[in-house]
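# Report on the structure
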Amino acid sequence: MKLLTVTEREAGQRLDKMLAKYLNLAGKGFIYKMIRKKNITLNGRRCDGSEKLEEGDQIRLFLSDETIGRFSSVPVQPVKKTSLDVIYEDENILLINKPCGMLSQKAAESDVSLVEYITAYLLETGAMTEEDLKTFRPSVCNRLDRNTSGIVIAGKTLGGLQAMGAVLKDRSLHKYYQCIVKGRVETPCRIRGYLRKNPAANQVSVFKDPVPDSQAIETEYIPLSVGSAYTRLQVTLITGRSHQIRAHLASIGRPILGDPKYGDPALNREIRQKYGVSTQLLHSWKLVMPDAVPEPCAGLAGRSFTAPLPKDFERVMAGEKL
C-alpha cells in the first residue's frame, strides 16, 4: 500500500489528474479500473476521480510496490550546471531573469529549456524531491523568445501556476520591455496593425489593414534615451502576439538592433563588429503586479520586479550614450 498526502504544491487539481501524473506509465483505463475496484481511495472512502484535492487529503493506493514501480517513473533530464538568476522566490513562484539563447519551454524532446534548469535548481536547493516530481512538475507561466532575455514567471506549486496564469490571462499584470532600435524616436506613441503568422517559417508579417487570417495588434512605446543613430525604448504590449514587438517596430522602420529575423542585416553587422552584439537587444525588464492577486499569491499584490539589462545592452548604451 502506498499513501500519498496532498501538499500545497498539488492542491487544487482533480484526483484523476494527480493520479495520471503519479502513475504516468499507466493508461487512464487502468487508473479508473483501480478507482472502481476501490484499490484507490481518497481519505479512506470510495472516490470517482473527479474530486478536487485539498492540502492534507490522503490518497491510498492498494497496489503492490512492483505495480507502482512499473507504472510510475520520474524522467529528470540532466542539465549542465548553471546558475539561475533568480529575482524573486517564495513557496509558490519563481521570477527568473532568463538569459538570451535559452528556450522558455522545449520545442523538441531533446531540447533543454528553462523548465529543465528550474527543475534542477529546485532539486539542488531541496525545494522539491524526485518523489514530488511524480505528482507535480514546475512550469513557466509566460514565455519569451529564445533570444529575448528577461523576466519569466515559473510556478513551484499548482496554486502558484493558477494565480499567475489568471493575472496574465486578464492582463492585469503589466509587463514592460526595453529595446534599442534604429533611428531617433523622440515622442511616445501607440501603434496599431494586423499580424499574420506563418507557422511553418515561425515568422510573422505585419500589415496596416486587415488581411486573411490576421489578428489586430497594438504596441505602445516611450523613448527612454535618444542617441544620434539609435533610441532606447520602453515597450508595452497592449495585445500579446508572437514576435509582436520585433515585427511591429520593424514594420514602422524601427527594427531592433541585432534581430536576425526582422532586423536590418547591415545594421546588425555593424553593431556586431563595433560592440560584439550577436543577438537582439530586447529585454523583458519589469513586471508590476495588480492590486489584487488570487491566493496563494495575494501577498504579491502591488509589487514590482525588475531584471537588470544584459551586458550587450550596457555596451551599446555606453558607446552610443543612451
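Everything discussed here concerns the structure shown above.
These notes cover the structure that comes with them. Bear in mind the structure is a predicted one, so any value in this text is a computation, not a measurement.

In this model helix α4 (residues 114-125) runs 16 Å from its N-terminal to its C-terminal C-alpha over 12 residues, within 8% of the 16 Å that 1.5 Å per residue would give. The element α4 is extensively covered by neighbouring structure, given that nine of its 12 residues are classed as buried. Burial in α4 covers these residues: L114, V115, E116, Y117, I118, T119, A120, Y121 and L122. Buried residues along α4 sit against β4 (86-89), β5 (93-98), β6 (139-140) and β7 (149-155).

Among the surface-exposed residues, M1, L3 and F62 lie close enough to one another that they form a single nonpolar patch of about 300 Å² accessible area. Structurally, the position occupied by L3 is in strand β1 (residues 2-5).

On to the nonpolar core. Counting residues in hydrophobic clusters, the biggest one holds 33 residues, and the most contacted among them are L114, I118, C179, L233, V235, I245 and L249. Taken together, the elements giving at least two residues each to this core come down to β5, α4, β7, α5 (158-169), β8 (174-182), β12 (230-237) and α6 (244-251). Per-element accounting of this core gives the leading share, six residues, to α4. In this view, L114 contacts L84, I96, K98, M102, L103, S104, V140 and V152; residues no more than four positions away in its chain are not counted. Membership of the second largest hydrophobic core comes to 21 residues, among which are M18, I40, L53 and L63.

Let us look at the packing of aromatic side chains. Inspection of the entire model under this criterion finds two aromatic pairs. Between F30 and F71, the ring centres sit 4.7 Å apart and the planes meet at 50°, which makes this aromatic pair tilted. Taken together, the positions of F30 in helix α2 (residues 28-36) and F71 in helix α3 (residues 65-71) put the pair 41 residues apart, joining distant regions of the chain. Given the relative accessible area of 16%, F71 is considered buried. With a centroid separation of 5.1 Å and an interplanar angle of 50°, the aromatic rings of Y88 and F305 are classed as tilted. With Y88 in strand β4 and F305 in strand β14 (residues 304-306), this residue pair connects regions lying 217 residues apart in the sequence. As far as burial versus exposure is concerned, Y88 and F305 are alike and both buried. One Lys or Arg, R70, reaches over the ring of F71 and ends 4.8 Å from the middle of that ring.

Attention now moves to the side chain of T219. Tracing the chain through its elements places T219 in strand β11 (residues 215-226). Here the side chain of T219 touches H248 through a polar contact of 2.7 Å, side chain to side chain. Apart from residues no more than four positions distant in its own chain, T219 is found in contact with C189, R190, I191, V235, T236, I238, Q244 and H248.

This paragraph deals with unusual backbone geometry. Between E295 and P296 the backbone carries a cis peptide bond, its omega angle lying at 5°. With respect to the helices and strands, the residue P296 is situated in the loop between β13 (282-288) and β14. Unlike most non-glycine residues, N202 shows phi in positive territory, near 50°. Topologically, N202 is positioned in the loop between β9 (189-198) and β10 (203-207).

Let's shift gears to the pattern of salt bridges. Summed over all chains, the structure comprises 15 salt bridges. Put simply, R184 and E186 hold a salt bridge, and the shortest N to O gap is 2.6 Å. Given a relative accessible area of 42%, R184 falls into the partly exposed group. The exposure class assigned to E186 is exposed, which follows from its relative accessible area of 55%.

Judged by which residues are buried, strand β3 (residues 58-61) turns out to be one-sided: I59 and L61 face inward and are buried, whereas Q58 and R60, on the alternate face, are not. Where β1 and β3 come together, four bridges link them in antiparallel fashion. In the strand pairing of β3, K2 is matched with L61. The pairing of strand β2 (residues 40-42) with β3 spans three bridges and is classified as antiparallel. Pairing of I40 across the sheet is with L61, part of β3.

Moving on to helix α1 (residues 15-22). For α1, every residue scored as buried is listed here: L15, D16, M18, L19 and Y22. Axial view of α1: buried residues confined to an arc of 160°, hence all on one face.

This part is about the environment of L114. Among the structural elements, L114 can be located in helix α4. Overall, the relative accessible area of 0% leaves L114 in the buried class. Spatially, the C-alpha atoms of L114 and A229 are 35 Å apart, while their sequence positions differ by 115 residues.

Rules used in this analysis
Residues numbered from 1 in each chain as written. Predicted model: local features only at pLDDT ≥ 70, side-chain atom pairs only at ≥ 80, totals over all residues. Heavy atoms only, no water. Helix = DSSP H or I, 4+ residues; strand = E, 2+ residues; numbered from the N terminus. Expected span 1.5 Å × (residues − 1). Buried < 20%, exposed > 50% of the residue type's maximum accessible area, 1.4 Å probe, protein only. Contact = heavy atoms within 4.5 Å. Patch = residues over 30% accessible without salt bridge, like charges linked within 9 Å, V, L, I, M, F, W, Y side chains within 5 Å. Areas by Shrake-Rupley, 256 points an atom, 1.4 Å probe, with all protein chains shown as cover. Salt bridge = Lys/Arg side-chain N within 4 Å of Asp/Glu carboxyl O. Core = buried A, V, L, I, M, F, W, Y, C linked by side-chain atoms within 4.5 Å. Phe/Tyr/Trp six-rings, centres within 6.5 Å; stacked < 30°, edge-to-face > 60°. Lys NZ or Arg CZ within 6 Å of the ring centre and 35° of its normal. Polar contact = N/O pair within 3.5 Å; in protein donor to acceptor, adjacent residues only side chain to side chain. Pairing = 2+ DSSP bridges. Arc of directions from axis to C-beta.

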